[in-house]
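Single-letter residue listing:
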Amino acid sequence: MGSRDLTGHVRRWALGFVVTAFAVRLAAADAYDPPATYYNAATGTGATLLTQLRTIVSDMEPVTYGEARDSAAITDADPNVSGNILLIYNRASVDGEWSTTPLIWNREHIWPQAALGAGASNNTANIASDQFNLRPADEGINNARGNRPFGLDASTGSYGPVGNYYYPGDADAGDVARSQFYVATRYSQLTLTDTVLPDQSLEQMGDLSSLIVYHFNDVPDTFERRRNHAIYGLAGAGGPAITNPYRQENRNPYVDHPEYVWSVFVDQANDSRIAINGATVGADGSSMNNVDFGRVFVGSAVPAAQMLTLEKSGTDGTYFEVTTAGAAISSLSGRFNAFRTNQIDSKSITVGLNTTTATAGAKTGTVTINNLDITAGGGADRGANDANDLFNVSLAVLDHATPSFAGASEVTSLMYDFGSVAQGSTAPTFDFDVFNFGVLPAFTADLDFDSFLSSGDASMLSTNLPDSAGSLALDGGMSHEFTATFDTATPGDFSATYTLSFSDENLLGALTKSLTLTLMGEISATFLAGDYNRDSFVDAVDYTVWRDALGLSVAAFEGADGSGNMLVDLDDYQVWKDHFGQSAGSGAGGAAAARTTVPEPASWLLVACTTAVFLIRNRGQSAIPSG
């Protein structure tokens, strides 16, 4: 425990339970987010914001230098190795238990003790024991750093001296910068400057311009954010699931809100403007890109995400937030994304959809880019004035196209009978529709009419299908009308079958389907009245046909039934007689010159005819029984 009194310790544990309960409530947002109201008073910019933040972070529970040593096992815990901690600069994972024999690690003051104006001892709680300024370190590396300030701006790579400066290494450069921003905020007697070497008696540290560069180059990572949360009092995820008994109960605002740095330590005229590469940028700095993943069939794979580019104009650095809505996903997320300072910069961002294609419909979402800078003096479309940028992400999932002869259901075959049509009459027609049937027309694939095959009497029962085959495409729910025509030139019974082949629009996984159309009809021949042998002449031969069929029942106008009463009788003789000598196309008297004597039926034939007609008309009647 060190020198901390038990009363205070118990009080802190009680507070810890309250804070833990509150943290659980926030867990859905982020495991390391501050309490929702913690920064409520931080409403200003520049010097005003600095004063507000100083008031917020000064409300803390001091921790002794000895307790800070024991706290490292929680605040600097290696999330991947239980019981180990990560050291600053080299990020080595070592045993977290404090030991002097052997000495595995010691404590590094990011702002050196010599420039703090106070010394550190295990039993004292003062500026030198603030955990935001302390990090476990390798003794040799700690000694090599000494009291050097951090710099220079362009330093990259591993840790080590750079002339009179010290570079903390790429992994810890931002951590070091934010530690010094915190110390200069919490303790008003300390100052960050751009002086080449600090005047330690004046409690100054530099190089401020380098720290600004590091802040935008190396954003707060999970380790740094978890450490910030643990110093506040909660270990959070990725470490021991306990409340820190050595908690300070304050936070580093520049870890929670890195966007504060420019306003507090630089100026109020950040000139950054974020836009989507290739998009039109509005007067307010906004831009938009519609990321259309096209059309796929139900059950297909979701298309791969697309890599796009965000660009920052203006040379000032800025942090930005990426949020998603709907089914959209992004390779960048959250508030801890930054563009580098002192240069125009760009970043790749991959956007896509986390969705399923099990059902048809629109799969959509948005990815929003928010410039988090809080300064408003850089221009109408710069810094805090830079409006959001938006990716609209969409995918259309389609049902397969379904050809149908009906619009309300799937009908795959159609039969039409023209019936009996007189030879030489006007050719009858039949109109029929082909639909692209779909339960969700807007999300039904286009239907392509590819080809057709015909069989049977297609020359007599023809269609205008050739006019559209290979070129017609129907949107979901739409239809196209076709026409079938029956040629009446030749008598006879006819039928034809058409097989229509369709396919989905040209997408991966397209299917083919077909419809069957059957047409039929009869062309009845037109004969000259009295021409009973159908040779186009009314002559004595037709009389013989009538005589031989006299008394028979036949179909109307068939054989020698010239009157159409379905009986061969004297009426039919009269029809023959009235047209005797005519030929097809001659008219009523066209063959008068060729007429010969019309035979008359003999008396016996008339009697036979009368008897036959009587018998036929009374056929089927029962005899009248005698009394």
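Given the structure is predicted, the values throughout are model-derived calculations rather than measurements.

1. Side note on the packing of helix H2 (residues 46–58) against helix H5 (residues 173–186)
Relative orientation of the contacting elements H2 and H5 amounts to 90°, with a least axis distance of 8 Å. Put simply, H2 runs roughly perpendicular to H5. Every residue of H5 that contacts H2 at Leu50, Leu53, Arg54, Val57 and Ser58 is listed here: Tyr182, Ala184, Thr185 and Arg186. Partitioned by chemical class, the residues of the contact of H2 with H5 number five nonpolar, two polar and two charged.

2. Here's the deal with the sheet that holds strand S15 (residues 345–353)
Strand order in this open sheet of four strands is S9-S11-S15-S13, and the pairing throughout is antiparallel. Two strands close off the open sheet at either side, each with one partner strand: strand S9 (273–276) and strand S13 (328–330). Ignoring which end each strand starts from, the neighbouring axes of this sheet average 30° apart. Bridging between S13 and S15 involves three bridges; their strand directions are antiparallel.

3. A word on the nonpolar core
Formed by 50 residues in total, the largest nonpolar core has its most connected members in Leu53, Trp111, Phe181, Leu192 and Phe265. The set of elements that each furnish at least two residues to this core consists of H2, strand S6 (165–167), H5, helix H6 (208–217), helix H7 (222–232) and helix H9 (260–265). If near-sequence neighbours (up to four positions away) are discounted, phenylalanine 265 is found in contact with Phe181, Ala184, Thr185, Leu192, Leu208, Ile212 and Tyr254. Formed by 31 residues, the second largest nonpolar core is a distinct cluster that contains Ala396, Leu398, Phe482 and Phe494.

4. Thoughts on the environment of asparagine 217
Positionally, asparagine 217 belongs in helix H6. Spatially, the C-alpha atom of asparagine 217 lies 7.6 Å from that of phenylalanine 339, the residues being 122 residues apart in sequence.

5. A look at the sheet that holds strand S16 (residues 361–371)
Taken together, five strands build an open sheet; the order of strands is S10-S17-S16-S12-S14 and the sheet is mixed. Strands with a single pairing partner mark the edges of an open sheet, and in this sheet they are strand S10 (287–297) and strand S14 (334–339). For this sheet the average axis-to-axis angle between neighbouring strands, irrespective of direction, equals 20°. In the sheet, S16 pairs with strand S17 (residues 389–398) via nine bridges, with the strands oriented antiparallel. Paired with glycine 361 across the strands is valine 397, a residue of S17.

6. Details of the confidence of the model for the protein chain
With 87% of its residues at a pLDDT of 70 or more, the protein chain has an overall mean of 88. With pLDDT under 50 throughout, residues 237–241 is counted as low confidence; its partners more than four residues away or in other chains account for nine contacts.

7. A few points about the pattern of salt bridges
In this structure the tally under the stated criterion is 19 salt bridges. Notably, a salt bridge pairs aspartate 172 with arginine 91, separated by 3.1 Å at the nearest N-O pair. Residue aspartate 172 is located in the loop between S6 and H5, and its partner arginine 91 is located in the loop between strand S1 (84–86) and strand S2 (93–95); the two are separated by 81 residues in the primary sequence. Take arginine 91: its relative accessible area is 23%, and that puts it in the partly exposed class. Here arginine 340 ties to aspartate 345 by a salt bridge, and the two come within 2.8 Å at their closest N and O atoms. A single salt-bridge network, built from bridges that share partners, covers Asp76, Arg91, Arg135, Asp172, Asp175, Asp221 and Arg227.

Procedures and definitions
- Residues numbered from 1 in each chain as written.
- Predicted model: local features only at pLDDT ≥ 70, side-chain atom pairs only at ≥ 80, totals over all residues.
- Heavy atoms only, no water.
- Axes fitted to C-alpha atoms, helices over the stretch in contact; angles between N-to-C directions.
- Helix = DSSP H or I, 4+ residues; strand = E, 2+ residues; numbered from the N terminus.
- Parallel < 35°, antiparallel > 145°, perpendicular 65-115°, else oblique.
- Contact = heavy atoms within 4.5 Å.
- Nonpolar A, V, L, I, M, F, W, Y, C, P; charged D, E, K, R; others polar.
- Pairing = 2+ DSSP bridges.
- Core = buried A, V, L, I, M, F, W, Y, C linked by side-chain atoms within 4.5 Å.
- Buried < 20%, exposed > 50% of the residue type's maximum accessible area, 1.4 Å probe, protein only.
- pLDDT = per-residue confidence, 0-100.
- Salt bridge = Lys/Arg side-chain N within 4 Å of Asp/Glu carboxyl O.

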